[in-house]
Amino acid sequence: MNRRPIDRESPDRLYTVTGGRTRADETAFDSVSLIVSECEPVPGMQSEHVKILQLARRPTAVVEISAELRLPVSVVKILLRDLLDTGRITVRHPSAGATAGKPDPDILRQVLVALNDL
Amino acid sequence: MRTPLRDSAADAMKIVVVGGFGVGKTTMVGSVSEIRPLSTEEVMTEASVGIDDASRVRTKTTTTVAFDFGRITVSDSTVLYLFGAPGQERFWFVWDQLFAGSLGAVVLVDTRRLEDSFYSIDRLEHHDMPFVVAVNRFAGGPSLDAVREALDLSPGIPLVDCDARERQSCKHVLITLVEHLTRLYV
Ligand SMILES: Nc1nc2c(ncn2[C@@H]2O[C@H](COP(=O)(O)OP(=O)(O)O)[C@@H](O)[C@H]2O)c(=O)[nH]1
Ligand SMILES: [Mg+2]
């Protein structure tokens, strides 16, 4: 795969995009939580927020946003926190988190069918 | 080119492929994914360092792990993400940040470097994460029985051969995992 590494040359960028914060509330987002924009970007918005709102016009997983923005997952979670707090996005959480490690048998059956169809 | 999810997508699941460098993780993810695999990174936060090893809190080093992923549509509302992740020690510091709540894992092994997978198998057991072991057959090598013995795998853990370049073969590995999960939970 050809991709440039994530900002190894400029660690300051990570600091800048998050306003110096290093932690998000990790519980607000799973790595595969699906993010959905609830508004369009507005002038003056931080460019990373603009990109997230554009990507998430369709549901988009946190890791996909991370890959598209070329920012580490935990940095993306901090950016998402801002957007969530201001009502600009909504989050569709994975159901696996709610079932304490025991997947719904129906879901497993659906996954088997989908895999068989590959 | 990005392929967005459907508007109705509401629930995402994950399966993780772990293994040493060059064992075929990226190849396997690419073989079954409906999108071109994407890659990204996670950095270990100081908080998570503190949980695993209090002595490291004082050092300001951040650990970065790279991983890649693809996805498979399960239904209008459900999507499965397949992650390829390195099995080395530092990777496990970010396991909870990234892979808590996974359905299960595939440990991909190369028989020429079986010892690369000892640590991953230990950690998956420690995390109570169900897994299967898949031998990516580069060329010949020991029988599955010999591999099972060398890895000291308990009889209940499925062990299969695969060719990470072949979609049907990777599909078989994933089906083996989901059938294993079904036996565990249903
Ligand atoms: N002969 C053979 N080569 C493979 C197989 N799977 C992967 N490879 C090759 O091995 C190399 C490493 O694979 P990659 O997927 O990048 O490994 P990763 O580091 O685990 O992600 C690549 O050049 C692959 O094309 C296989 O089953 N047989
Ligand atoms: Mg790889």
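Residues numbered from 1 in each chain as written. Chains lettered and ligands numbered in written order. Predicted model: local features only at pLDDT ≥ 70, side-chain atom pairs only at ≥ 80, totals over all residues. Heavy atoms only, no water.

## Details of a negative patch on the surface
Residue and element names in this part refer to chain B. On the surface, Asp-122, Glu-125, Asp-145, Glu-149 and Asp-152 cluster together into a negatively charged patch. The set of elements that each furnish at least two residues to the negative patch consists of α4 (118–126) and α5 (144–151). If you trace the backbone, Glu-149 turns up in helix α5. (Patch = residues over 30% accessible without salt bridge, like charges linked within 9 Å, V, L, I, M, F, W, Y side chains within 5 Å. Areas by Shrake-Rupley, 256 points an atom, 1.4 Å probe, with all protein chains shown as cover. Salt bridge = Lys/Arg side-chain N within 4 Å of Asp/Glu carboxyl O. Lys, Arg positive; Asp, Glu negative; His and termini not counted. Charge placed at Lys NZ, Arg CZ, Asp CG, Glu CD. Helix = DSSP H or I, 4+ residues; strand = E, 2+ residues; numbered from the N terminus.)

## With respect to the interface of chain B and chain A
Contact with chain B, which involves 52 residues of that partner, is made by 45 residues of chain A. Of all residues in chain B, the largest losses of buried area upon contact with chain A belong to B:Arg2, B:Glu41 and B:Tyr185, amounting jointly to 15% of the total for that side. At the boundary of chain B with chain A, the tally comes to 4 salt bridges. Taking the shortest distance from any N to any O, the salt bridge between A:Arg58 and B:Asp7 comes out at 3.6 Å. Our count for the contact surface shared by chain B and chain A stands at 16 residue pairs in polar contact (both at pLDDT 80 or more). When residues of the side of chain B that touches chain A are traced back to their parent elements, those giving at least two are β1 (11–19), α1 (25–32), β2 (38–43), β3 (64–73), β4 (78–86), α3 (95–99) and α6 (167–185) of chain B. Top element by residues in the side of chain B that touches chain A is α6(B). It accounts for 10 residues. Of the residues that constitute the side of chain B that touches chain A, the class distribution is 27 nonpolar, 12 polar and 13 charged. (Contact = heavy atoms within 4.5 Å. Buried area = accessible area lost by both parts, 1.4 Å probe. Polar contact = N/O pair within 3.5 Å; in protein donor to acceptor, adjacent residues only side chain to side chain. Nonpolar A, V, L, I, M, F, W, Y, C, P; charged D, E, K, R; others polar.)

## Quick word on the pattern of salt bridges
Residue and element names in this part refer to chain A. Counted by the stated rule, this structure contains 12 salt bridges over all chains. Its salt-bridge partner being Asp-85, residue Arg-81 comes within 2.9 Å of it at the nearest N-O pair. Of this pair, Arg-81 and Asp-85 both sit in helix α4 (residues 73–85), separated by 4 residues, roughly a single helical turn. Given a relative accessible area of 22%, Arg-81 falls into the partly exposed group. (Buried < 20%, exposed > 50% of the residue type's maximum accessible area, 1.4 Å probe, protein only.)

## Here's the deal with the packing of aromatic side chains
Residues and elements named next belong to chain B. In this structure the tally under the stated criterion is 12 aromatic pairs over all chains. Seen from their ring centres, Phe-67 and Phe-69 are 6.4 Å apart, and the 35 degrees between their planes marks the pair as tilted. For the pair shown, Phe-67 and Phe-69 are each scored as buried. Measuring from ring centre to ring centre gives 5.5 Å for Trp-95 and Phe-99, while their planes differ by 65 degrees; the resulting arrangement is edge-to-face. Of this pair, Trp-95 and Phe-99 are both found in helix α3, 4 residues apart, which corresponds to roughly one turn of the helix. Taken as a pair, Trp-95 and Phe-99 share a single burial class, namely buried. Joined through ring pairs, the aromatic side chains of Phe-67, Phe-69, Tyr-81, Phe-83, Phe-91, Trp-92, Trp-95 and Phe-99 make up one cluster. (Phe/Tyr/Trp six-rings, centres within 6.5 Å; stacked < 30°, edge-to-face > 60°.)

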